[in-house]
Amino acid sequence: MFTRILCVGVMVFSFGCQGDTTDDSVNAIISDLKAAHAPDKRVAMWDISWVDGVLIGETNLPEAHRELITKLSDRGIDYTDSIQLLPAAELAGNIHALVTLSVANIRSEPKHSAELATQALMGTPLNVLKKEGSWYLVQTPEGYISWVDAAGIALKNESTMGEWTAAEKLVSTEMIGAIYDSPSSGQMISDLTAGNILVKLEETASHFGVLIPDGRKGYVSKDEVLPFGEWLASRELSDDNLIRTAKDMMGVPYLWGGTSPKGVDCSGFTKTIYFLNGMIIPRDASQQVHEGDEVDVSKNWENLEVGDLLFFGVPAEEGKPERVIHVGMWIGHNSFIHSRGRVRISSFDPEDENYDAYELDRYLRTKRIRNKQTAHLWSVDRLIQ
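Residues numbered from 1 in each chain as written. Predicted model: local features only at pLDDT ≥ 70, side-chain atom pairs only at ≥ 80, totals over all residues. Heavy atoms only, no water.

Caption draft 1: The pattern of salt bridges, seen in detail. One pass over the full model with this rule turns up 22 salt bridges. For lysine 111, the salt bridge goes to glutamate 109, with nearest N and O atoms at 3.9 Å. For glutamate 109, a relative accessible area of 40% translates into the label partly exposed. The partner of arginine 362 in a salt bridge is glutamate 359, and the shortest N-O contact between them spans 2.7 Å. (Salt bridge = Lys/Arg side-chain N within 4 Å of Asp/Glu carboxyl O. Buried < 20%, exposed > 50% of the residue type's maximum accessible area, 1.4 Å probe, protein only.)

And the structure:
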């Protein structure tokens, strides 16, 4: 009897170990795929779990999903696949959207009280991933994934998105402008900010008739817009253009999550400078720091050029990684422009009235991204292709 009981005990223990081994193996595969395909949750979704032989969760990475299934099959692991692939089927093909407000607020959760994650300008194309109530989970052109209220976008399918892409477009060039219901500037239909994209409908001596992505029509002064092709051709990333754009936003208030002339955080400011000069760069300072070429880590300001991005934060120390928490753009003469409290100019020259000992003390490095082409640095013309 003792022998039989002992045998049963061994069998149960062995079964438990086998289950644990399988669970550990699957969880390791899921973790490895996340590290390979979705190390930054801001730009890729890989919310996958293994529960009692069932794969649950969601992802917008079909290739990573296929790799997961292949790895489990190759190892002879039985599973039930309940992973939701995004875009969600319930969107019924409406997997594109265009921003319909001068600036749409995109939040970390599907509610107005949630943290402002980023913003997108009128006419910006978004990928739509899923819906929750009156909110849509969207991905911006630079890859940022967050939630936008339905009032801020116009949903599009492949056909209607193609119609918009093919239409002749205009770009707002004034930091702040407006669309009116008539050329005589009667009732305002919408405000505008620099970088807003509209469809051109007609032309008068002084105005363009325009179409907003949600179907509203109006008129905008010719002095406040340029045809998209003409605008893009004028977006040279020259010293003068970068400095002029940055200084045109002097005094704009700091806004956490802001990426428009109405309000900017530090990385939203550098992103906006480059966007308004024809180049899309990553959203956050901790993402921007990984792009381009490193030109300084030792405060040798003579190595810097206009347009270089300066990064600030907490240096790495044993057991703790570096923390990049601020960014600004070099404008020459020992000075840089950045958003801290408001858009301002700071200097590293102790004799300058704008001397900024605080930023000097937390300086980390400078990177050069101007005219670089990578997977995360690209021309704004991709917005309408």
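Caption draft 2: Inspection of the sheet that holds strand β24 (residues 323-332) at higher detail. Spatial strand order, β22-β27-β23-β24-β25-β26: 6 strands in an open sheet with antiparallel pairing. The strands lining the two open edges of the sheet, one partner per strand, are β22 (293-296) and β26 (342-347). Strand-to-strand twist in this sheet, taken as the mean axis angle between neighbours without regard to direction, amounts to 35°. Across 6 bridges, the pairing between strand β25 (residues 335-340) and β26 is antiparallel. (Pairing = 2+ DSSP bridges. Helix = DSSP H or I, 4+ residues; strand = E, 2+ residues; numbered from the N terminus. Axes fitted to C-alpha atoms, helices over the stretch in contact; angles between N-to-C directions.)

Caption draft 3: Inspection of the environment of tryptophan 164 at higher detail. Among the secondary structure elements, tryptophan 164 is positioned in helix α3 (residues 158-166). It is 10.0 Å that separates the C-alpha atoms of tryptophan 164 and proline 125, two residues lying 39 residues apart in sequence. Among residues more than four places away in sequence, those in contact with tryptophan 164 are Leu98, Gly123, Lys169, Ile197, Val199, Pro213, Leu383 and Ile384. (Contact = heavy atoms within 4.5 Å.)

Caption draft 4: Region of the structure containing unusual backbone geometry. Residue proline 87 follows leucine 86 across a cis peptide bond; omega there is 10°. With respect to the secondary-structure elements, proline 87 resides in the loop between β4 (84-85) and β5 (96-99). The phi dihedral of histidine 333 falls on the positive side, at around 55°, and the residue is not glycine. With respect to the helices and strands, histidine 333 occurs in the loop between β24 and β25. Even without being glycine, asparagine 334 reaches a positive phi, approximately 60°.

Caption draft 5: Structural context of helix α2 (residues 62-74). The end-to-end C-alpha distance of α2, which contains 13 residues, comes to 18 Å, matching closely the 18 Å that a straight helix rising 1.5 Å per residue would cover. Just beyond α2, the residue with positive phi is glycine 76, at close to 70°. (Expected span 1.5 Å × (residues − 1).)

Caption draft 6: Representation of the packing of aromatic side chains. Scanning the model with the defined rule gives 10 aromatic pairs in all. Summarising the aromatic geometry, the rings of tryptophan 231 and phenylalanine 275 are spaced 6.4 Å apart at their centres and angled 50° between planes, so their arrangement reads as tilted. With tryptophan 231 in helix α4 (residues 228-233) and phenylalanine 275 in helix α6 (residues 266-275), this pair connects stretches of sequence that are 44 residues apart. Given the relative accessible area of 2%, tryptophan 231 is considered buried. Look at phenylalanine 312 and tyrosine 363: their rings are 6.0 Å apart centre to centre, the planes differ by 70°, and that puts the pair in the edge-to-face class. Of the two residues, phenylalanine 312 sits in strand β23 (residues 309-314) while tyrosine 363 sits in strand β27 (residues 363-368), which places them 51 residues apart along the sequence. By the burial criterion, phenylalanine 312 is buried, and tyrosine 363 matches it. (Phe/Tyr/Trp six-rings, centres within 6.5 Å; stacked < 30°, edge-to-face > 60°.)

Caption draft 7: Here's a closer look at helix α5 (residues 239-247). Residues of α5 that are buried: Asn241, Leu242, Ile243, Thr245 and Ala246. Elements that come into contact with the buried residues of α5 comprise α6, β24, β25 and β26.

Caption draft 8: A look at the pairing of strand β7 (residues 116-121). Burial runs high along β7: 6 of the 6 residues are buried. Sheet topology places strand β6 (residues 103-107) next to β7; 5 bridges connect them, and they run antiparallel. Following the sheet pairing, isoleucine 106 is matched in β7 by threonine 118.

Caption draft 9: Region of interest: the packing of α5 against α6. At their nearest, the axes of α5 and α6 sit 9 Å apart, and the two run at 130° to each other. As far as their axial angle goes, α6 and α5 are oblique. Here α5 runs over α6; the crossing is right-handed. For the pair α5 and α6, the contacting residues are Leu242, Thr245 and Ala246 in the first and Phe269, Ile273 and Tyr274 in the second. The class makeup of the residues in the contact of α5 with α6 is 5 nonpolar, 1 polar and no charged. (Parallel < 35°, antiparallel > 145°, perpendicular 65-115°, else oblique. Left-handed = near helix turned anticlockwise from the far one by under 90°. Nonpolar A, V, L, I, M, F, W, Y, C, P; charged D, E, K, R; others polar.)

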